[in-house]
Amino acid sequence: MGEIFDFSPIFESFDRVWAGFQSTIQLSVASAILSLVLGTILVAMRVAPIPLLRAAGTIYVNAVRNTPLTLVLLFSSLAISDTLHIVVSDVPRTNYYWFGVFGLSAYTACFVCEVLRSGINTVPLGQAEAARSIGLTFAQSLRIIILPQAFRTVIAPLGSVFIAMIKNTTVVIVASYAEAAAIMKDLFEDYSASLGIFIGFAIGFMVLTLPTGYFFGWLAKRLAVAR
Amino acid sequence: MTGRPLVVLDNINKHFGDLHVLKDINVTVHAGEVVVVIGPSGSGKSTLCRTVNRLETIDSGTITLDGEPLPEEGSGLARLRSDVGMVFQSFNLFAHKTVLQNVTLGPTKVRKKSKGDAEKRGMELLDRVGIGDQAQKYPAQLSGGQQQRVAIARSLAMDPKVIMFDEPTSALDPEMVQEVLDVMTDLAREGMTMIVVTHEMGFARRAAHRVVFMDGGQIVEENTPDAFFTNAQSERAKDFLSKILTH
């Protein structure tokens, strides 16, 4: 029993474990920002009065959301970077980091878009009518009136999307970028797999995701729009 | 009325599915004129009001605002809308903005006024409707009557050529109706051009130059308030008035 719950490999290799989680955090932060931006652009397309934009947004969301993340990441790193030789950095690790971020963001943006779209549906129609009545254009009413209110109603569900995204960083290993889960695999090989290592990494992820959930819950209450 | 024709509705028709909600509507509202539209529920009066700034599209006919035909979409439509104030039954104040921000948003984003100028004018307008001391509050913290007065100030901040009122007191508690009607009566006295859909017959008598009576999507009768309320010509108007004026 003592061997199964042996946490010593974690402490002995703490530098590597910490480096792995640093990579996870870097992936998560960059992907959260990029997917938020992309998701907002996508939702603007999906509610736009121009049919072509609406169709493009719908097709993108349905195509990417229904493709396994592993395939999206492989497409990003293998097809776009390795095969088409589109490279953002000559340092391979940096390059794969960014293509990991791109793949993860392209995927997560679909969920951000759909959450935001449900938020837009909670904003009363009268808000848009009042915005149009004072002469705001469609883009202005979306940016100034509709989206800020939509965002505030979906902060808590956005938190769930980001928690899922943090855990999804463990798939980025297929895009040749090593983060916490890859380090865990290394430790399994070096020390033989043990429950101690596994629990150590699981706790490591909870340290990231639990506060994320609480933070978004707190933010949702703080920014709620009173009607 | 001697003012120039400001809002001209020419032969407007509109359907909601099979329902013919506006039938061959012809109305001209002149500058400085206050027109009250009354009629039973479902008569099309709110729809008529909302077609003027194209919150409702029309199937046929033309709408002209101060000599310019109303565009179907785009920035031209946004520009003409900025000249038409709109006061809704449910106020529709921007819920995430303060009272003052509600009033300054249009002037800064549409009229490109500086923030300082917009706030100065915004405070003047809020004082005028009696809400100056609530400028930093959010709409949900105000009573219905106060919210509606802010909505009127928001319209006025755009220096509109005409203001449409779509049943502005119908959602208010009875004790708050008068404060809103008082603001509207003042506006009418100052020469603002207004189209008012309402059930407030007292306001119609006091402030309107003309009463338009609608039923079944048609304009049935038009007259001065005095003539209309004392001597309605059509059977439908007589029937409507007998039902609302007896209590």
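This one's a predicted model, so the numbers in the text were calculated from it and none came from an experiment. (Residues numbered from 1 in each chain as written. Chains lettered and ligands numbered in written order. Predicted model: local features only at pLDDT ≥ 70, side-chain atom pairs only at ≥ 80, totals over all residues. Heavy atoms only, no water.)

Participant: Please explain a nonpolar patch on the surface as it appears in this structure.
Facilitator: Residues and elements named next belong to chain A. Taken together, the side chains of Phe5, Phe7, Phe11, Phe14, Trp18, Ile25, Val29, Ile33, Val37, Ile41, Leu195 and Phe198 present a nonpolar region at the surface, about 1100 Å² in accessible area. Among the secondary structure elements, those contributing two or more residues to the nonpolar patch are helix H2 (14-47) and helix H10 (195-223). In terms of residues, the nonpolar patch owes the most to one element, H2, which gives 7 residues. When its relative accessible area of 46% is taken as the criterion, Val29 is described as partly exposed. (Patch = residues over 30% accessible without salt bridge, like charges linked within 9 Å, V, L, I, M, F, W, Y side chains within 5 Å. Areas by Shrake-Rupley, 256 points an atom, 1.4 Å probe, with all protein chains shown as cover. Salt bridge = Lys/Arg side-chain N within 4 Å of Asp/Glu carboxyl O. Helix = DSSP H or I, 4+ residues; strand = E, 2+ residues; numbered from the N terminus. Buried < 20%, exposed > 50% of the residue type's maximum accessible area, 1.4 Å probe, protein only.)

Participant: Could you clarify how one ought to interpret the pattern of salt bridges in this entry?
Facilitator: Between side chains of opposite charge, pairing is possible as soon as their charged atoms come close. All names here are of chain B. If you walk through the whole model with that rule in mind, you get 22 salt bridges over all chains. For the salt bridge of Lys161 with Asp66, the shortest nitrogen-to-oxygen distance reads 3.1 Å. Of the two residues, Lys161 sits in the loop between helix H5 (144-156) and strand S7 (162-166) while Asp66 sits in the loop between strand S4 (60-65) and strand S5 (68-69), which places them 95 residues apart along the sequence. A relative accessible area of 26% places Asp66 in the partly exposed class. With a closest N to O distance of 2.4 Å, Glu222 and Arg210 form a salt bridge. Here Glu222, found in strand S10 (residues 218-223), pairs with Arg210, found in strand S9 (residues 210-215); they are 12 residues apart in sequence, far enough to count as distant. Taken together, the shared-partner salt bridges in this structure form one network comprising Arg4, Asp66, Asp83, Arg111 and Lys161.

Participant: Help me understand the sheet that holds strand S2 (residues 19-30) of chain B, please; the structure alone is not making it clear to me.
Facilitator: Where strands meet in a sheet, backbone hydrogen bonds hold them as pairs that are either parallel or antiparallel. Residues and elements named next belong to chain B. The antiparallel open sheet is built from 4 strands, whose spatial order is S2-S1-S4-S5. Strand pairing shows two members of the sheet lacking a second neighbour, S2 and S5, which therefore form its edges. Bridge count for S4 against S5 is 2 bridges, and the pairing is antiparallel. Bridging across to S5, Thr64 finds its partner in Pro69. (Pairing = 2+ DSSP bridges.)

Participant: Is there a simple way to explain the sheet that holds strand S6 (residues 84-87) of chain B in this structure?
Facilitator: Residues and elements named next belong to chain B. Spatial ordering of the open sheet is given by S6-S7-S8-S3-S9-S10, a layout of 6 strands whose pairing is mixed. Unpaired on one side and paired on the other, S6 and S10 mark the two borders of the sheet. Going across the sheet, the axis of each strand differs from the next one's by a mean of 20°, ignoring polarity. With 4 bridges connecting them, strand S3 (residues 34-38) and strand S8 (residues 193-197) associate as parallel partners. The partner of Val34 across the bridge, within S8, is Met194. Where helix H6 (residues 174-189) meets the sheet, its contacts fall on S3, S7 and S8, and the angle it forms with S8 comes to roughly 145°. (Axes fitted to C-alpha atoms, helices over the stretch in contact; angles between N-to-C directions. Contact = heavy atoms within 4.5 Å.)

Participant: What exactly am I supposed to notice about the interface of chain A and chain B here?
Facilitator: Where interface size is given, it is often the accessible area lost as the parts come together that is meant. Taken together, the contact pairs 20 residues of chain A with 23 residues of chain B. Interface of chain A and chain B: buried area, both sides summed, is about 1800 Å²; carbon and sulfur atoms make up 63% of it. Joining chain A to chain B, the criterion identifies 1 salt bridge. The residue Arg50(B) makes a salt bridge to Glu129(A) at a minimum N-O spacing of 2.6 Å. Between the two partners, chain A and chain B, sit 7 residue pairs in polar contact (both at pLDDT 80 or more). Broken down by secondary-structure element, the contributors of at least two residues to the side of chain A that touches chain B are helix H6 (125-133) and helix H7 (138-153) of chain A. Among the elements that make up the side of chain A that touches chain B, the one with the highest residue count is H6(A) (7 residues). For the side of chain A that touches chain B, the residue count by class is 9 nonpolar, 7 polar and 4 charged. (Buried area = accessible area lost by both parts, 1.4 Å probe. Polar contact = N/O pair within 3.5 Å; in protein donor to acceptor, adjacent residues only side chain to side chain. Nonpolar A, V, L, I, M, F, W, Y, C, P; charged D, E, K, R; others polar.)

Participant: When you look at the packing of aromatic side chains in this model, what are you seeing that I'm missing?
Facilitator: Residue and element names in this part refer to chain A. One pass over the full model with this rule turns up 13 aromatic pairs over all chains. With a centroid separation of 6.1 Å and 35° between ring planes, the pair formed by Trp98 and Phe102 is classed as tilted. Linking Trp98 with Phe102, this pair stays in helix H5 (residues 92-122), spanning 4 residues, or about one helical turn. A relative accessible area of 34% means that Trp98 is categorised as partly exposed. Measuring from ring centre to ring centre gives 5.7 Å for Phe162 and Phe216, while their planes differ by 40°; the resulting arrangement is tilted. In this pair, Phe162 sits in helix H8 (residues 155-168) while Phe216 sits in helix H10, placing the two residues 54 residues apart along the sequence. (Phe/Tyr/Trp six-rings, centres within 6.5 Å; stacked < 30°, edge-to-face > 60°.)

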